[in-house]
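Close look at the chain arrangement
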Amino acid sequence: MLACLLALTLALVQQPDPRELRGSLDALRAGQPGEAAFESALHSLPALLASRSGAFVAGAAHLAGKHARSECAPALIAALENENRRAANGSLEPTRAILDALVRLDVAAPSEVLLARPEGDLANLLYLALACEKDAAKRVAGLARLLELGWVASEAHWAAACRLAAARDPRLARWLISGAPWELCFAVQDAGDESGVAYSSGGGRWSTSHALWPPRAEYSLELPARGAALEAIAARRTEHASSGPMPRTLGVDERMQWRGRLLAALLERDVQLGPETLAASTTLVDGAELASALDAHVAAARERIRAALGMLAAAKLVTDPEPLLSKLRFSVVLSDQRLEPSAPIVWPKSSASVELVVR
């Protein structure tokens, strides 16, 4: 009993005083490198990161990244492990600040820590943090795990896919075939309408009634242009105190384009699985004829995918094609794009392998 009391007393004595931590954080926030108060407070950064106080952790992580304090790397990773155990309704801001610091410091944290509690709002940060890994095999494995999360509307998903394509990783080949439903578009248009099937993408902004500190770091990714190396992914970092952009979401046409482009990159040949073949339109409004036209559209896509899968198998990127074929699923966005509809459309019903979504 005495030994337990002594251990408890020692632990309490060794706990940093929150008032001292607050004073150190204020000194670091207000000061500049080289100033006496700032330099004197630097030693408190690991303790602030270990404090499990959201405000202290977020502030310390921001300052560690801002001032390139690479000696804080172990404390940052330990703080992320703590944040992975936060309450279900806990703030994401400490995690965001930690990931931002790891990226700014180019610190490779273990992928199992980075992805222990993945959040879609932090997708771009997670991609960049995983890309910090210097060991190629570990980096590719971490990016493959990010891909499997299925955040297909995020820039991060396709950035990870690009890196996996550059590495010719079989996990990407399998995902491209059956990792998510194949997205198709099917529209009813006026006769003579040559405008093409319309698409939309998303974005938006967030705002708060009071200025945030630390400011929220947002990252946007620029995916490689046509003809550019697949690894050519640029990132842009911005800071926002009271309002800022929501992560950009890729529209269905972009997602279709990237899926086809990456299959073509793996196979080093065109596979005709982009928006030009996965989107179709008709002037039919009769229910039976419409269902038949839609079935033909899905069947044509299925055959192109089957052919691509055969080529992947021949290239030794897929070893067992049949299970992938059995997993094929389709999500078809249906839309009425007539300017002056003469009659309502009775759309076909979904099936086990084909989900129909009316927009």
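My aim in this report is to walk through the structure given alongside it, one point at a time. (Residues numbered from 1 in each chain as written. Predicted model: local features only at pLDDT ≥ 70, side-chain atom pairs only at ≥ 80, totals over all residues. Heavy atoms only, no water.)

Structural notes on the overall build of the chain
Per the secondary structure count, the chain includes 16 helices and eight strands. For the C-alpha atoms alone, the extent of the chain along its principal axes is close to 80 × 50 × 50 Å. Going through the 359 residues of the chain one by one, you find that 45% of them count as buried. For the chain, restricting intrachain contacts to residue pairs at least 6 apart in sequence, the fraction spanning at least 24 positions comes to 71%. Per element, the accessible surface of the chain, about 17800 Å² overall, is 53% carbon and sulfur. (Helix = DSSP H or I, 4+ residues; strand = E, 2+ residues; numbered from the N terminus. Buried < 20%, exposed > 50% of the residue type's maximum accessible area, 1.4 Å probe, protein only. Contact = heavy atoms within 4.5 Å. Areas by Shrake-Rupley, 256 points an atom, 1.4 Å probe, with all protein chains shown as cover.)

Description of the environment of Arg-171
You can see Arg-171 is positioned in helix H12 (residues 170-178). Leave out the neighbours within four places in its chain, and Arg-171 touches Val-140, Ala-141 and Ala-144.

Digging into the layout of surface pockets
Volume-wise, the largest pocket comes out at about 240 Å³. As for the largest pocket, its lining consists of 20 residues, of which Gly-120, Asp-121, Ala-123, Pro-247 and Arg-248 are closest to the centre. Those elements that provide at least two residues to the lining of the largest pocket are helix H9 (123-131) and strand S3 (216-222). Looking at the lining of the largest pocket residue by residue, the class counts come to nine nonpolar, six polar and five charged. (1 Å grid on protein atoms, 1.4 Å probe; cavity = no way out; pocket = protein on both sides within 12 Å on 5 of 7 lines; lining within 4 Å. Points joined across faces, edges and corners; volume = space filled by probe spheres on them. Nonpolar A, V, L, I, M, F, W, Y, C, P; charged D, E, K, R; others polar.)

Here we look at empty space enclosed by the protein
Counting across every chain of the model gives one cavity of 30 Å³ or more. The volume enclosed by the largest cavity comes to roughly 60 Å³. Lining the largest cavity we find Leu-80, Asn-84, Arg-86, Thr-95, Leu-99, Leu-114, Arg-117, Pro-118, Glu-119, Leu-122 and Leu-126. The class makeup of the residues in the lining of the largest cavity is six nonpolar, two polar and three charged.

Some remarks on unusual backbone geometry
The linkage connecting Trp-213 with the following residue, Pro-214, adopts the cis geometry, with an omega of 0 degrees. The topology assignment puts Pro-214 in the loop between strand S2 (205-207) and S3. Of note in the backbone geometry, Ala-68 takes a positive phi value of approximately 55 degrees without being a glycine. Relative to the helices and strands, Ala-68 resides in the loop between helix H5 (54-66) and helix H6 (73-83). At Arg-168, a residue that is not glycine, the phi angle is positive and equals roughly 50 degrees. Looking at where Arg-168 falls in the secondary structure, it is placed in the loop between helix H11 (155-166) and H12. When its relative accessible area of 35% is taken as the criterion, Arg-168 is described as partly exposed.

Re the pattern of salt bridges
For side chains bearing opposite charge, pairing can occur when the charged atoms are close. On inspection of all chains with the given rule, the structure shows 17 salt bridges. Taking the shortest distance from any N to any O, the salt bridge between Arg-96 and Glu-93 comes out at 3.3 Å. Linking Arg-96 with Glu-93, this pair stays in helix H7 (residues 93-105), spanning three residues, or about one helical turn. Of the charged contacts in the structure, one is a salt bridge between Glu-239 and Arg-237, with a shortest N-O distance of 3.0 Å. Residue Arg-237 is classed as partly exposed on the basis of its relative accessible area of 26%. (Salt bridge = Lys/Arg side-chain N within 4 Å of Asp/Glu carboxyl O.)

Overview of the sheet that holds strand S6 (residues 279-282)
If you trace the four strands from one edge of the open sheet to the other, you get S6-S1-S7-S8, paired in parallel fashion. Each having just a single partner strand, S6 and strand S8 (354-358) make up the two edges of the open sheet. Averaged over all neighbouring strand pairs, the angle between strand axes comes to 20 degrees, with direction disregarded. Here five bridges tie strand S7 (residues 330-336) to S8, and the two strands are oriented parallel to one another. In the sheet register, Val-332 faces S8, and the bridge partner there is Leu-356. Set on the sheet, helix H15 (residues 287-314) makes contact with strand S1 (182-188), S6, S7 and S8; between it and S1 the angle comes to about 150 degrees. (Pairing = 2+ DSSP bridges. Axes fitted to C-alpha atoms, helices over the stretch in contact; angles between N-to-C directions.)

A short note on the packing of aromatic side chains
In the structure shown here, the tally under the stated rule is one aromatic pair. Seen from their ring centres, Trp-158 and Trp-175 are 5.8 Å apart, and the 80 degrees between their planes marks the pair as edge-to-face. Of this pair, Trp-158 sits in helix H11 while Trp-175 sits in helix H12; the two residues are 17 residues apart in sequence, bridging distant segments of the chain. Residue Trp-158 is classed as buried on the basis of its relative accessible area, which comes to 1%. (Phe/Tyr/Trp six-rings, centres within 6.5 Å; stacked < 30°, edge-to-face > 60°.)

Some remarks on the nonpolar core
By size, the foremost hydrophobic cluster in this structure holds 108 residues, and its most contacted members are Leu-102 and Tyr-127. Residues within four places of Tyr-127 in sequence aside, it is in contact with Leu-143, Leu-146, Ala-156, Ala-159, Ala-160, Arg-163, Leu-221 and Ile-233. (Core = buried A, V, L, I, M, F, W, Y, C linked by side-chain atoms within 4.5 Å.)

Describing helix H13 (residues 252-267)
Look at H13: 23 Å from first C-alpha to last across 16 residues, which is about the 22 Å you get at 1.5 Å a residue. The buried fraction of H13 amounts to twelve of the 16 residues, a majority that puts the element mostly inside the structure. Where H13 is concerned, the buried positions are Val-252, Arg-255, Met-256, Trp-258, Arg-259, Gly-260, Arg-261, Leu-262, Leu-263, Ala-264, Leu-266 and Leu-267. Looking at the buried residues of H13, the elements they touch are H11, H12, S1, helix H14 (275-278) and H15. (Expected span 1.5 Å × (residues − 1).)

Regarding the packing of helix H10 (residues 136-148) against H12
It is the contact of H10 with H12, at a shortest axis distance of 10 Å, that shows an interaxial angle of 10 degrees. Here H10 is positioned roughly parallel relative to H12, judged by the angle of their axes. Residues Val-140, Ala-141, Ala-144, Leu-147 and Glu-148 of H10 form the contact with H12, whose participating residues are Arg-171, Leu-172 and Trp-175. Tallied by class, the residues present in the contact of H10 with H12 amount to six nonpolar, no polar and two charged. (Parallel < 35°, antiparallel > 145°, perpendicular 65-115°, else oblique.)

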